[in-house]
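Letter by letter, the chains look like this.
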Amino acid sequence: MPKLIFFDTETCGLYGPIVLLQYARDWGSVTLHEVWRSSIDTTLAVIEEIVNEEDGVVGFNIAFDWFHLVQSYSTLLLLKEEVGGGELPIDHIELYAICEEKARRTCPAIKPVKCLDLM
């Protein structure tokens, strides 16, 4: 039986950062991950878990959600270089915005192993 990850993002508008990342593994209970109130390292680990799931991910309109995963991941990598992985993004809002703009030019290509879009 596949070990899929079902996920969804809640964002600030169409292009803004992720506020809430919801995910569940194998039809289990849903985890609500607050990006702004979690350490940078914790959020990066959650995104990497989703990205690297061998059996794939499931979502609705994955193009939208994946854009935001890449945006957040890239921005948090740069923010981590500036303030450290144990910091909370909410404590560095202005620097986050600066890093987000820089991340557009330096973002790594993170792609799911497999995906199913229910749209």
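Residues numbered from 1 in each chain as written. Predicted model: local features only at pLDDT ≥ 70, side-chain atom pairs only at ≥ 80, totals over all residues. Heavy atoms only, no water.

Caption draft 1: Seen up close, the nonpolar core. Residues Phe7, Leu21, Ile50, Trp66 and Leu69 are the most contacted members of the largest nonpolar core, which totals 26 residues. Breaking this core down by element, the ones donating at least two residues are strand 1 (5-11), strand 2 (18-25), helix 1 (40-51), helix 2 (62-83) and helix 3 (93-106). The greatest single-element share of this core, amounting to eight residues, is contributed by helix 2. What Leu21 contacts, discounting residues up to four positions off in sequence, is Phe7, Asp8, Thr9, Thr31, Leu32, His33, Val46, Ile47, Ile50 and Leu69. (Core = buried A, V, L, I, M, F, W, Y, C linked by side-chain atoms within 4.5 Å. Buried < 20%, exposed > 50% of the residue type's maximum accessible area, 1.4 Å probe, protein only. Helix = DSSP H or I, 4+ residues; strand = E, 2+ residues; numbered from the N terminus. Contact = heavy atoms within 4.5 Å.)

Caption draft 2: Looking closely at the packing of aromatic side chains. Applying the stated rule across the entire model yields four aromatic pairs. With centroids separated by 4.6 Å and ring planes inclined at 50°, the aromatic side chains of Phe6 and Trp27 adopt a geometry described as tilted. Placement of the pair is Phe6 in strand 1 and Trp27 in the loop between strand 2 and strand 3 (31-34), with a sequence separation of 21 residues. (Phe/Tyr/Trp six-rings, centres within 6.5 Å; stacked < 30°, edge-to-face > 60°.)

Caption draft 3: Local environment of the pairing of strand 3. Bridge count between strand 2 and strand 3: four bridges; the pairing is antiparallel. By the bridge assignment, Leu21 is partnered in strand 3 with His33. Where strand 2 folds back on strand 3, the antiparallel hairpin that results is connected by five residues, among which Asp26 adopts a positive phi of roughly 55°. (Pairing = 2+ DSSP bridges.)

Caption draft 4: Expanded view of the pairing of strand 2. Across seven bridges, strand 1 lies against strand 2 in antiparallel orientation. Counterpart to Glu10 in the pairing with strand 2 is Leu20. Connecting the antiparallel pair strand 1 and strand 2 is a turn made up of six residues, with Gly13 showing a positive phi of about 75°.

Caption draft 5: Broad picture of the packing of helix 1 against helix 2. As a packed pair, helix 1 and helix 2 sit with axes 10 Å apart at the nearest point and diverge in direction by 145°. Handedness of the crossing formed by helix 1 with helix 2: left-handed. In contact with Ile40, Asp41, Thr43, Leu44, Ile47, Glu48, Ile50 and Val51 of helix 1, helix 2 contributes Trp66, Leu69, Ser72, Tyr73, Leu76, Leu77, Leu79, Lys80 and Val83. Here the residues of the contact of helix 1 with helix 2 sort into 12 nonpolar, two polar and three charged. (Axes fitted to C-alpha atoms, helices over the stretch in contact; angles between N-to-C directions. Left-handed = near helix turned anticlockwise from the far one by under 90°. Nonpolar A, V, L, I, M, F, W, Y, C, P; charged D, E, K, R; others polar.)

Caption draft 6: Highlighting the pattern of salt bridges. Applying the stated rule across the entire model yields six salt bridges. Notably, a salt bridge pairs Glu53 with Arg25, separated by 2.5 Å at the nearest N-O pair. In this pair, Glu53 sits in the loop between helix 1 and strand 4 (57-59) while Arg25 sits in strand 2, placing the two residues 28 residues apart along the sequence. By relative accessible area, Glu53 is classed as buried at 10%. A salt bridge links Arg104 to Glu100, with the nearest nitrogen and oxygen atoms 2.8 Å apart. Note that Arg104 and Glu100 are positioned in helix 3 at a spacing of four residues, about one turn of the helix. Overall, Arg104 belongs to the exposed group, its relative accessible area being 56%. One salt-bridge network, held together by shared partners, links Arg25, Glu49 and Glu53. (Salt bridge = Lys/Arg side-chain N within 4 Å of Asp/Glu carboxyl O.)

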